[in-house]
Amino acid sequence: MEQKKLMLSIFGFLCLSGIALSQEVTLNAGFDRDSVAIGEPVNFYHTAKYPRGLEVVFPDSTYDFQGFEWEKQYAFSTKSDAGQSYDSALYTLTTFEIDSIQFLSLPVWVVDQNKGDSIQVDGPEASIQLNFRVLDVPDSLTADQAPLITNTIYLHVPLLFNYPYWSASIILLITLLILAYVLFGKRVKRYLKIRKLNKAFLKFRQEYHEACDTMKTDIKLVERPLILWKQFLEKVEDIPVTTFTAKEIHVTYGDPSLYESLKTIEKAIYSQGEGMTLDGAPKLLEDFATNRFDQKINSIKNE
């Protein structure tokens with residue numbers, strides 16, 4: 001029995017403390033004008049005066065604004081003097097209710113950091129009048145009260161974008177592309193490889209003949225045809241022929257005639273062409289490159 005009395009005493013003390021604390025908080029609130037239309041934004045100010053040292057929390061967008069819709073909120077900085085603090089917030093609200101006079105009251109919460117609890121302090125109730133745009137709505141209209149107006153002017157109506165049609169078209173196109181790749185992908189790849197090699201071969205023959213013609217007038221330019229030959233052979237074989245010496249090329253292909261021709265050209269390069277004759281070595285290199293090109297083309301066709 002004594003324990004029950006003690007608990008009732010503590011509960012009564014807490015209630016009295018909450019009432020005393022709430023009495024120390026002074027709230028003021030109201031709308032910034034007397035009337036508002038449905039859906040029209042209106043500002044609602046909310047201020048609090050309380051003893052310095054308390055922590056006061058204002059409502060935010062999660063609060064139920066009693067028939068009003070929260071649009072935005074602006075909170076002002078707390079101002080304090082020797083014994084009092086002042087807080088204020090401005091809410092922008094809209095209403096879609098049709099009551100001629102609408103009311104709103106917002107609370108604040110005083111937070112007790114030591115007890116981990118808060119006390120709600122209710123603010124004053126403010127009212128605002130609703131402006132009705134349509135004052136009289138008749139039940140029905142007769143034909144003479146609502147005459148039809150004929151208008152023969154052409155009015156262009158833009159066509160709506162047909163999303164289902166275009167979506168189906170895109171899916172169909174992607175499906176056809178995938179199917180074409182599966183059926184003709186290898187043929188296309190072979191065609192592109194052969195086309196690329198043919199272009200490289202035609203370019204090689206033209207530049208090689210020009211380099212050989214220039215070399216006839218100056219044997220010191222013998223290195224240019226050899227470079228062109230190695231570059232083309234590297235494209236055909238997919239191996240780094242440009243870095244190979246004559247001996248390494250001989251090990252790769254095992255052609256004695258090719259090896260002798262390469263040694264002849266290298267000797268001419270090292271001696272700067274003095275007292276050297278090439279004895280048909282450039283022609284043999286061209287024939288060898290042409291033969292390797294033909295073999296490569298046949299290999300691609302048979303893939």
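Up top you'll find the structure we're talking about.
So, a few notes on the structure that sits alongside this text.

1. Section: the nonpolar core
Proteins that are soluble and globular tend to have nonpolar side chains buried together.
Piece 1. In this structure, Trp229, Phe232, Ile249, Leu258, Leu262, Ile265 and Leu285 are the most contacted members of the largest nonpolar core, which totals 34 residues.
Piece 2. When contributions to this core are tallied by element, the ones reaching two or more residues are α2 (163–217), α3 (223–237), α4 (246–253), α5 (256–270) and α6 (281–301).
Piece 3. Here this core gets nine residues from one element, more than from any other, and that element is α2.
Piece 4. With 24 residues, the next largest nonpolar core counts Phe44, Phe68, Ala89 and Ala126 among its residues.

2. Quick notes on the packing of α2 against α6
Piece 1. Running from N to C, α2 and α6 cross one another at 175°; their axes reach a closest spacing of 11 Å. For the element pair α2 / α6, the angle class is roughly antiparallel. Mapping the contact onto sequence places Arg190, Lys193, Ile194, Leu197, Asn198, Phe201, Phe204, Arg205, Tyr208, His209, Cys212 and Met215 in α2 and Pro282, Leu285, Glu286, Ala289, Thr290, Phe293, Lys296, Ile297, Ile300 and Lys301 in α6.
Piece 2. Looking at the contact of α2 with α6 residue by residue, the classes come out as 13 nonpolar, three polar and six charged.

3. Some words on the environment of arginine 52
Piece 1. As for its position among the elements, arginine 52 is in the loop between β3 (42–51) and β4 (55–57).
Piece 2. Look at arginine 52 and you get exposed, because its relative accessible area is 52%.
Piece 3. Setting aside residues no more than four positions away along its own chain, arginine 52 makes contact with Ser80, Asp81, Ala82, Gly83, Gln84 and Ser85.
Piece 4. Of the polar contacts made by the side chain of arginine 52, one reaches the backbone oxygen of aspartate 81; its length is 2.8 Å.

4. Examining the sheet that holds strand β10 (residues 117–121)
Piece 1. Reading across from one edge, β4-β9-β10 is the order of the three strands in this open sheet, with antiparallel pairing throughout. At either end of the open sheet lies a strand with only one pairing partner, and these are β4 and β10. Here the strands of the sheet are splayed against their neighbours by 30° on average, with no regard to which way each runs.

5. Considering α5
Given 3.6 residues per helical turn, the α-helix brings residues three or four places apart onto the same face.
Piece 1. Between its terminal C-alpha atoms α5 stretches 21 Å, which fits the 21 Å expected from 15 residues at 1.5 Å a residue.
Piece 2. Listed in full, the buried residues belonging to α5 are Leu258, Ser261, Leu262, Ile265, Glu266, Ala268 and Ile269. Summarising the axial view, the buried residues of α5 lie within an arc of 155°, below the 170-degree limit, and thus occupy one face. Counted as exposed and oriented over 90 degrees from the buried face of α5: Pro256, Lys267 and Tyr270.
Piece 3. Considering only its buried residues, α5 is in contact with α3, α4 and α6.
Piece 4. Between the side-chain oxygen of the N-cap and the backbone nitrogen of serine 257 there are 3.1 Å, and the N-cap of α5 in question is aspartate 255.

6. Notes on a negative patch on the surface
Piece 1. Together, Glu69, Glu71, Glu97 and Asp99 give the surface a local cluster of negative charge.
Piece 2. Looking at where glutamate 97 falls in the secondary structure, it is placed in the loop between β7 (84–95) and β8 (101–104).
Piece 3. Of the residues examined, glutamate 97 reaches a relative accessible area of 39% and is grouped as partly exposed.

7. Observations concerning unusual backbone geometry
Piece 1. Phi at glutamine 66 takes a positive value of approximately 55°, unusual for a residue other than glycine.
Piece 2. Along the chain, the position of glutamine 66 falls in the loop between β4 and β5 (68–75).
Piece 3. Although it is not a glycine, aspartate 238 adopts a positive phi angle of roughly 60°.
Piece 4. If you trace the backbone, aspartate 238 turns up in the loop between α3 and α4.

What counts, and where the lines are drawn
- Residues numbered from 1 in each chain as written.
- Predicted model: local features only at pLDDT ≥ 70, side-chain atom pairs only at ≥ 80, totals over all residues.
- Heavy atoms only, no water.
- Core = buried A, V, L, I, M, F, W, Y, C linked by side-chain atoms within 4.5 Å.
- Buried < 20%, exposed > 50% of the residue type's maximum accessible area, 1.4 Å probe, protein only.
- Helix = DSSP H or I, 4+ residues; strand = E, 2+ residues; numbered from the N terminus.
- Axes fitted to C-alpha atoms, helices over the stretch in contact; angles between N-to-C directions.
- Parallel < 35°, antiparallel > 145°, perpendicular 65-115°, else oblique.
- Contact = heavy atoms within 4.5 Å.
- Nonpolar A, V, L, I, M, F, W, Y, C, P; charged D, E, K, R; others polar.
- Polar contact = N/O pair within 3.5 Å; in protein donor to acceptor, adjacent residues only side chain to side chain.
- Pairing = 2+ DSSP bridges.
- Expected span 1.5 Å × (residues − 1).
- Arc of directions from axis to C-beta.
- Patch = residues over 30% accessible without salt bridge, like charges linked within 9 Å, V, L, I, M, F, W, Y side chains within 5 Å.
- Areas by Shrake-Rupley, 256 points an atom, 1.4 Å probe, with all protein chains shown as cover.
- Salt bridge = Lys/Arg side-chain N within 4 Å of Asp/Glu carboxyl O.
- Lys, Arg positive; Asp, Glu negative; His and termini not counted.
- Charge placed at Lys NZ, Arg CZ, Asp CG, Glu CD.

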